[in-house]
Structure formats: structure tokens, C-alpha cells
Amino acid sequence: MGRIQRALISVSNKNGIVEFSRALNELGIELISTGGTASLLRDNNIPVKDVAELTGFPEMMDGRVKTLHPKIHGGILALRDNPEHVAKMNEHGIAPIDLVVVNLYPFEATVARGAAFEEVVENIDIGGPSMVRAAAKNHRYVGVVVDPEDYSAILAELRANRRSLSQATHFRLFCKAFQHTSHYDGAIANYFGSLDENKQPVRWGQTVNLQVRKLQDMRYGENPHQSAAFYGTSGDTGPSIARAIQFQGKELSFNNILDADAALSTVLEFSDIATVAIKHNNPCGVALSKISLADSFRKAKACDPVSIFGGVIAFNRPVDEETAQELKDIFLEIVIAPSFTPAAKTVLSSAKRLLNIRLLELDTSQPQGGGYDVRRVRGGILMQDWDTGSVDVRACRVVTARKPTEAEYQALDFAWRVCRHVKSNTIVFASPDQVLGVGAGQMSRIDSTKIAVLRAATHGLDLKGSAVASDAFYPFRDGLDEAANAGAKSVIQPGGSIKDDEVIAAANEHGMAMIFTGMRHFRH
């Protein structure tokens, strides 16, 4: 590759640009710039030539027109080994531009702060994407830099290679440039596509551009014969497995990530000390404690000491030595927590088999972010809001003669929070701080109830006085009769069945307290 002699710099994100530009100047690279970037460099005593000096035309129309000129784009696009291109450059006084350092007007930030429509429109960059695309197209000869995170590596390579970048670096930057402009154009299309003819927001736009970035290749997908990769979505905030820090264990698998996400989503339901155990994407143990994390873990394990084997555990408190001692005797795939104390790390790395446990740290205190729940189907995708709907159980409609006691309200609230994270049809039996039985993913609600009762009995958990949650209404009284016969004394369900009166009558016959939420939690 040829040496870089001339760089054009025009950036909206000015992080690190002064230091980067000074280093380029010290390497003997001529700097050309525009508007605010040029002023910033001059203010820092860095020699720079205005684009207007190069083109012979001043910036005009409030900066809308400044780089859209043959002396800019010709200098970027010319093929250096094409005699005709070189001749035209000489004929028209076009100097080659070997490095383009550009990032774009802050369109997304402008939208995010609620700017008026006209200001949003003004923050659609025209010249910037044109220069980036031109430089990327001619990447054999021109380096294009859109990310300040790349400045230090580029400088190191320029210093090591006598002002040259390798072909591999040119190609990497070329790919990144088009990712940058694609993201930018997608954000513009998403915003304006979400407005109606009166420029008012609509919930779902005509088109949706999803921006994803590969985080890692997977050994395989859901099954060994399926290839897979893990991609992170841009713009989402809040706790996420995609942003977790793994400091021990094997690489995460496709199914690991699905189960870890389910564990994280469930543990985020609780502010009290909580432990969640997940197996095959369903909670098999959930418990709270006022005493300690280890206590919550022991109770969660007691929910189903068989299924927890090979499961995923999530905590909402730092893992301490006592909790680690409880964990070390069980085969687990993943443990997720805000942090692990040094003593806990020592315990969980004290044997060869323990080193296989994947330990993930992530901040669970952040507010849950936005974004969409996306499901792929053949020929299309389904998009919906995340299921973040919640209810105040004490404000729910009491439909039975007996009102829940305070302890029952606590158990109903706990069961309902867990219920949202279990595959439908869902039945969850619980005390105020411990799941007692779970029936998940059955074709009928009565079968889910029978399975939940069986699982509780198998593990020696008494359902007498328990609360039962149903993710959707009871279509018949049989499921409620089954729960009552097992010992449940309070019920939380959405209501809305044509058989509601029959189900309410059954609850009254059994002396149960039942509340209707008016909200269901199907999870297919």
C-alpha cells in the first residue's frame, strides 16, 4: 500500500480527534478539514487546511454544501494505478486524499432528546455518508475511519509501517464503514417510517431496520448439526447477557444463552434477595430470602433438587463464600450474579470440574431497557413489546367471598411474577418466598396443574395453604378443583372466561380467595 500523505477529517463525535490529528500531523500527513472540526484543530495549534481552500468554494447554505465537490470526491475515488484517472487528477488540479476520518451528524441523539421535526431533518448528514462510501469503495487506496476506538491502532500501524496501512486493515475499515452508514440510514428510515402523514408517531413503522453485531460464533446451534452465532442488538439498554463479563468456564453455547437470558429475566422481577434456577428455559426453582443469598439458594434448590442439576442459576446479589460453598457440590452450567467475592471465586475454581462452570458478572441494578421481542417465522418476523406488564395484586379485583390475607397477597404476588416466565400453559404453586410446584408448556391447563402437584409431592413440598397462579384464565373449574384438592387456598388469574362464574363458585366452595388481574402472560 502507498504511504498516506493527505487526510480529510470531519467528525461529529470529536472524542480523541485532537490527539489523533496531532499525531497524524507529526507523521507528516497533511490535514484537510471542515467547519467545527477545523476550528477545533486550529484552537489546539494543529496545522489544517480548510476544504474551501482545496475546492475554491466556501461552505454555504448553513454548511449543507461543503464537501460535495469533484476536488474532494475525485481525490478520494481516483484509482491510483489507472493512468486515465491520474491524468484527470493532474488536469484538474485534484490532489489525492488517502485517509478519510469521518463520522456523521448525531441523528439518533437528536431524535432521543425529543428535538422538533425540522431539527431532526437538519441532522441528516449528506456529505459525510458520501465521503465515507466513496472512501470505502476505493478502499484499496484510501483508509476510512468512522470509529474513534480505531484511532490508537491506526496510529500504531502508521508509525510501524512508514505511514502505510496494510491491505487487511484497509479491508477491515472498509467493512466497518458500510456498517456505519447502514446503521445511520437504518436509523433515519426507522424514525421517519414511524411517523404518519401528519408527522405524528405510530407504534409500528412501515419498515424496520434491525442493527445487529456479531459477538461470537457458536460451536453449534440448538443441536450439533445446526450452525449458529450470537449477535448483539444496538440501541437496547439495561441488563443483558450480551453485555455480561465471563471470567470462568467454557464458551457459552446457543442453549446456554437462551437459558441465561431466561434466568436473568426472571431474577430481575425481584428486589428482595433472590435465586432463580432455570432448566430448558423454564424456572425450576425460585426463592426469596430476608436472611442471606445462601438461604435463598437453598430454598430454590429445594423446589426441584433434581432439575437444578445441569441448570442455570441467577442471583440479584453478589455471590459470597457461603453461597459458593452451596453451589460447588452441584453440576451447573452457568452462574449469573452482579459480582463474585474473591473468596467465592476461590471456592468456585478450587477443582477441575468447577472450572467448567461459566461465571458471568453483570449489573442487575440498571433499569430494564427497551427494544423489541422478535420472533422469526418462515417468510417473516413477528415483533412485539417485551412482556413487562405488571399488576398491583392488592389493587386486583377480588371475585370470591373471601379476600386474601396479607400472607396470601405476598404469595400471589410472588407466584404471578414467576408465572410470567414459564412456558404456557402455566401453573405455579408458591408460598410467599418459594416456588413449590411448576407445570409448564402443557396442551391443557389441567395437565399443567397435575404436573405441578406431582412435582411438589416428588420433592416433599407441602402445598397446604399455597397460592396458585395461572398465566391465562381457567376455561373450566377442573384445574381449580385440582389445585384446591392439593391444598391451595388462594388463586391469581387473569379472568375473562365464559366459565368465570363457574370457576368463582368452585373457589367459594373450597373457601379459596381469588383475584383477577385482567392481564394474561402467555409465553409460547
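Look up: the structure comes first, before these words.
Residues numbered from 1 in each chain as written. Predicted model: local features only at pLDDT ≥ 70, side-chain atom pairs only at ≥ 80, totals over all residues. Heavy atoms only, no water.

Draft legend 1. Looking closely at the overall build of the chain. Check the secondary structure of the chain and you find 18 helices and 21 strands. Compactness check: the chain gives a C-alpha radius of gyration of 30 Å against a globular reference of 24 Å for 524 residues, more than 25% above the reference. By its C-alpha atoms, the chain is 95 × 60 × 45 Å across when sized along the principal axes. In the chain, which comprises 524 residues, the share counted as buried stands at 47%. In the chain, once contacts between residues fewer than 6 apart in sequence are set aside, the share between residues at least 24 apart is 57%. Summed over its atoms, the accessible surface of the chain is roughly 25,100 Å², and 52% of this surface lies on carbon and sulfur atoms. Distance between charge centroids for the chain: 4 Å, based on 57 positive and 60 negative side chains. (Helix = DSSP H or I, 4+ residues; strand = E, 2+ residues; numbered from the N terminus. Rg over C-alpha atoms; globule rule 2.2 N^0.38 Å. Buried < 20%, exposed > 50% of the residue type's maximum accessible area, 1.4 Å probe, protein only. Contact = heavy atoms within 4.5 Å. Areas by Shrake-Rupley, 256 points an atom, 1.4 Å probe, with all protein chains shown as cover. Lys, Arg positive; Asp, Glu negative; His and termini not counted. Charge placed at Lys NZ, Arg CZ, Asp CG, Glu CD.)

Draft legend 2. Summary view of the nonpolar core. Among the nonpolar cores identified, the biggest contains 52 residues, and L24, L31 and V101 are the most heavily contacted of them. Tallying contributions element by element places helix α10 (residues 167–193) first for this core, with 7 residues. The residues contacting V101, other than those within four sequence positions of it, are L8, I9, S10, V11, I17, F20, V145 and Y151. (Core = buried A, V, L, I, M, F, W, Y, C linked by side-chain atoms within 4.5 Å.)

Draft legend 3. Layout of a nonpolar patch on the surface. Taken together, the side chains of W204, V208, L210, V212, Y231, Y372, V374 and I381 define a hydrophobic patch exposed on the protein surface, amounting to about 690 Å² of accessible area. Tracing the chain through its elements places W204 in the loop between α10 and β6 (212–217). Classification of W204 as partly exposed rests on a relative accessible area of 37%. (Patch = residues over 30% accessible without salt bridge, like charges linked within 9 Å, V, L, I, M, F, W, Y side chains within 5 Å. Salt bridge = Lys/Arg side-chain N within 4 Å of Asp/Glu carboxyl O.)

Draft legend 4. A look at the environment of L173. Structurally, L173 can be placed in helix α10. Among the residues examined, L173 registers a relative accessible area of 1% and is labelled buried. Sequence spacing of L173 and V142 is 31 residues, and the spatial spacing of their C-alpha atoms is 9.7 Å.

Draft legend 5. Focus on the environment of Q493. Within the secondary structure layout, Q493 lies in strand β20 (residues 490–493). Overall, Q493 belongs to the buried group, its relative accessible area being 0%. Sequence separation between Q493 and W416 is 77 residues; the distance between their C-alpha atoms is 8.4 Å. Setting aside chain neighbours within four positions, we find Q493 in contact with W416, S470, A472, F473, Y474, V503, M514, I515, F516 and T517. There is a polar contact of 3.4 Å between the side chain of Q493 and the backbone nitrogen of Y474. (Polar contact = N/O pair within 3.5 Å; in protein donor to acceptor, adjacent residues only side chain to side chain.)

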